[in-house]
Amino acid sequence: MRAVDLIRAKRDGHGLSRDAINAFVEGVTSGTWPDYQISALLMAVVWRGLSADETAWLTDAMVHSGARLRFDGLAHVPVDKHSTGGVGDKTSLVLAPLAAACGAPVPMMSGRALGHTGGTLDKLESIPGFRVDLDEAAIARALATVGCALVGQTDAIVPADRRLYALRDVTATVESVPLITASIMSKKIAEGIGGLMLDVKTGTGAFMKTEAEARRLAASLVATGTRAGVCTEAIITAMDAPLGSAVGNALEVVEAIETLKGRGPGDVTELSVRLAAGLLMLAGVEVTHAAADRRVRGALASGAGVETFARIIENQGGDRRVVDDYARLPQTADVELVGAPRGGYLERLDAEGVGRAAMALGAGRDRLEGAVDHAVGARVLARPGDAVRAGGPVVELRHRAGRGLAAAVALVREAIEVGDTAVPPRPLVLGTVDHPDRHP
Ligand code: URA
């Protein structure tokens, strides 16, 4: 099967057979397809799309490009959660221990910060000693003992995606629902889970700017996961302003621990509980949403969630004392306040702007190889809908001796809009998407 024939067929709007898609992924993985032909086919897919069948075949071929983990002998179905990326979203650090404390096995594989969005692995690595590079046997041991492992993707999983994603990044071919679907779902399916909760973000700080786009992506992810035997459910959530108050690695770890102690911001708590309850149902721990919700709130109130987080930290080589002593996390004493330009009501605090400000201070990176400073970031002091006075505090920046500060201040100023009337922000959870087969 010649590469040029596949490219021509997709360019002209024809469907590709399963064999053709297998040949493409084999060419990507083995290196026999050169970058220019892979890129040409990717661009044809961006323009012409893929059918549901083609998307499922591409996902399956990508899963088979590497290893597929298996966790046997567990009392419940292993589950994970994936978010399409946000600002201040530390819910993984809250919901994974909560779900594990309630009996769901959670082998959670997360990513690193990229662009204005944060990454769970960087947040975890702000905990002294914490290791995210566990192999399959260590993940299985963690599931059997503490019920949860918080790890990065191993090199053995979906090698095809590493080459494809690197090319998509530099050829303007990231923005395609079927390509995003195959990339995300192949990695999740290969993880050996039986259930997946997706948090598809929409808004100014999200990858999918409109709710319609987010719903289209969610439907494609849910259909592809379900077809591959992973029970998949999505919620669509607003990402217009940062989630919670803290943006930046160690700052977010503190806010996540506070949430596990029952003292977190309302939006972080509610979203974490919602997603953890979804995981309990997918794992088969509970069968109704009301019972799952009750069980998760019980683990929050009893302290079982925060104790599980401490055990996860210890199990992965980290200093569990951070849970009670935040001074053990990286910190900086350098603080700059950004105030409201005038009195009124905060109408907008653009999540992307605040995320870019944290990145300018060193909390994030624009290339995956870059290093991050775990101590720096931002704290949101006023939320959209709040009354503010002229010069009154809206965002506090934690910086390292002024590095990136001028750019960060400018970005936050641009992210703030004050008006004369209190406009309530839209609800956090905008809807759910699950597979019709789950409710016959
Ligand atoms: N995240 C992924 O893992 N893949 C994509 O294509 C987009 C976001």
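Residues numbered from 1 in each chain as written. Predicted model: local features only at pLDDT ≥ 70, side-chain atom pairs only at ≥ 80, totals over all residues. Heavy atoms only, no water.

### A short note on the site of the ligand
Working step 1: Every residue lining the ligand is accounted for by Y165, R168, I180, S183, I184, K187 and F207.
Working step 2: Contact between the ligand and S183: a nitrogen atom at 2.6 Å from a side-chain N or O atom of the residue.
Working step 3: Contact distances for the ligand include 2.6 Å between an oxygen atom and a side-chain N or O atom of K187.
Working step 4: Isolated, the ligand exposes 230 Å² of accessible area, and the fraction of that covered by the protein chains is 81%. (Near = heavy atom within 4 Å. Polar contact = N/O pair within 3.5 Å; in protein donor to acceptor, adjacent residues only side chain to side chain. Areas by Shrake-Rupley, 256 points an atom, 1.4 Å probe, with all protein chains shown as cover.)

### Quick word on the pairing of strand β8 (residues 344–349)
Working step 1: In this sheet, strand β10 (residues 387–388) lies alongside β8 in antiparallel orientation, the contact comprising 2 bridges. Looking at the pairing, Y345 lines up with A387 of β10.
Working step 2: In terms of strand pairing, β8 meets strand β12 (residues 416–419) through 4 bridges, oriented antiparallel. Counterpart to R348 in the pairing with β12 is E417. (Pairing = 2+ DSSP bridges. Helix = DSSP H or I, 4+ residues; strand = E, 2+ residues; numbered from the N terminus.)

### Comments concerning the sheet that holds strand β13 (residues 429–434)
Working step 1: Across the sheet, which stays open at both edges, the 4 strands sit in the order β1-β4-β5-β13 with mixed pairing between neighbours. Edge positions in the sheet fall to β1 (79–83) and β13, since each has one partner strand and no second. Sheet twist, expressed as the mean angle between neighbouring strand axes with direction ignored, is 15°.
Working step 2: Looking at chain direction, β1 and strand β4 (residues 195–202) are connected through 5 bridges and run parallel. Looking at the pairing, V79 lines up with G195 of β4.
Working step 3: Sitting on the sheet, helix α12 (residues 266–283) is in contact with β1, β4, β5 (231–238) and β13, with an inclination near 150° to β4. (Axes fitted to C-alpha atoms, helices over the stretch in contact; angles between N-to-C directions. Contact = heavy atoms within 4.5 Å.)

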